[in-house]
Amino acid sequence: MKNVPRKRVVTIAVAAVAAAIITAIIAVGFGYNSNNGISGNMNNNTLQQQLQKISSIQPPGVNAAQNGQSISAMPATVAAPENRTFWIKTVHLDGNANINGDTKHPPEPFPANTTYPKGGGFVLSPPDKTGAWNFRAFTFEPSQIIVYQGDRITLNFVGVQGPNHFIDVSGIATFPLKRGEIHTVTFIADKAGTINYTCHIHMPNMAGEILVLPRLAAAQ
Ligand SMILES: [Cu+2]
């Protein structure tokens, strides 16, 4: 020690003490993690979350995103049946035109020779005194709904456009619906496949379908 400067000895001693403290902290830390129940449960939860993610991956052909609608309501996992509620509005789309045109629109001839499917779903109104004519198409909004087998489904039919409708939910319910009314139908989608909903007085285009996907992911 004779040749070692005093300052350096102090530095080494301080470093040794610091190392001992750090070692002790690490040792206590490991002991805490391995013996503490809360810490252990958190790790198990993380593992369960990972397993749930893996089990919720859907097989090819059951990709709901390909069907375009109601995607935002799709659950992340299909492990358990859910209550699922939809609001289905009666709608008519109107194409308005004028054989003479106006300042913003070119003249449009009346399609006098076009034929449409019978059933009331398409209505062509001839030009009035001003030359204005209209083509109307009835529909539901939404016209496609996707659920999983076993889900409890609530359909609220809302009469918004068109004074009268007569709606059939295939095999489940049939009822009239006037503008301003809401008619609710509740059922369990117990079979995979499709359930059609139609309006008898605006066919063939006032029609929709509920696509009931098999609960494959939950069984695997
Ligand atoms: Cu209708």
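Computed from a prediction, not measured in an experiment: that's the story for all the values here.

(A) Focus on the overall build of the chain. Per the secondary structure count, the chain includes three helices and 10 strands. In the chain, the order of α-helices and β-strands from amino to carboxyl end is α-α-β-β-β-β-β-β-β-β-β-β-α. Per-residue burial over the chain gives 14% buried out of 220 residues. For the chain, the proportion of contacts with a sequence separation of at least 24, taken over those separated by at least 6, is 67%.

(B) Representation of the environment of P127. Structurally, P127 can be placed in the loop between β2 (122-125) and β3 (132-141). Note: C-alpha distance between P127 and F110 (17 residues apart in sequence) is 7.3 Å. Those residues in contact with P127 that sit more than four places away from it in its chain are I99, F110, A132 and W133.

(C) Quick peek at the sheet that holds β3. In spatial order, the strands read β2-β3-β1-β5-β8; together these five strands make up an open sheet with mixed pairing. The strands lining the two open edges of the sheet, one partner per strand, are β2 and β8 (182-188). Neighbour-to-neighbour, the strand axes of this sheet turn through a mean angle of 20°, independent of strand direction. In the sheet, β2 pairs with β3 via four bridges, with the strands oriented antiparallel. Along β3, the bridge assignment pairs L124 with F135.

(D) Quick peek at the sheet that holds strand β7 (residues 173-178). The mixed open sheet is built from five strands, whose spatial order is β4-β10-β9-β6-β7. The open sheet has two free edges, formed respectively by β4 (144-148) and β7, since each of these has just one partner strand. Put simply, the sheet's adjacent strands are angled 20° from each other on average, direction ignored. Bridge analysis of strand β9 (residues 193-199) against strand β10 (residues 207-213) gives six bridges, and the strand direction is antiparallel. If you follow T198 over to β10, its bridge partner there is A207.

(E) Broad picture of the nonpolar core. Ranked by size, the top nonpolar core spans 20 residues in total, and within it V147, L155, I167, V169, I210 and V212 carry the most contacts. Going through the elements one at a time, β3, β4, β5 (152-158), β6 (164-169), β9 and β10 are the ones with two or more residues in this core. For this core, the element with the highest residue contribution is β4, accounting for four residues. Excluding residues within four positions of it along the chain, L155 makes contact with F86, I88, V169 and V185.

(F) Quick peek at the confidence of the model for the chain. On average, residues of the chain score 77 in pLDDT, and 62% of them are at 70 or above. Throughout residues 53-70 the model reports pLDDT below 50, and contacts reaching past four residues in sequence, or to other chains, amount to 24 contacts.

(G) Fine view of the pairing of β10. Inspection of the sheet shows β4 paired to β10 by five bridges, in the parallel sense. Counted as the bridge partner of I145 is I210 from β10.

Calculation rules
Residues numbered from 1 in each chain as written. Predicted model: local features only at pLDDT ≥ 70, side-chain atom pairs only at ≥ 80, totals over all residues. Helix = DSSP H or I, 4+ residues; strand = E, 2+ residues; numbered from the N terminus. Buried ≥ 20, exposed ≤ 12 C-beta atoms within 10 Å, placed from the backbone. Contact = placed C-beta atoms within 7 Å. Pairing = 2+ DSSP bridges. Axes fitted to C-alpha atoms, helices over the stretch in contact; angles between N-to-C directions. Core = buried A, V, L, I, M, F, W, Y, C linked by C-beta atoms within 7 Å. pLDDT = per-residue confidence, 0-100.

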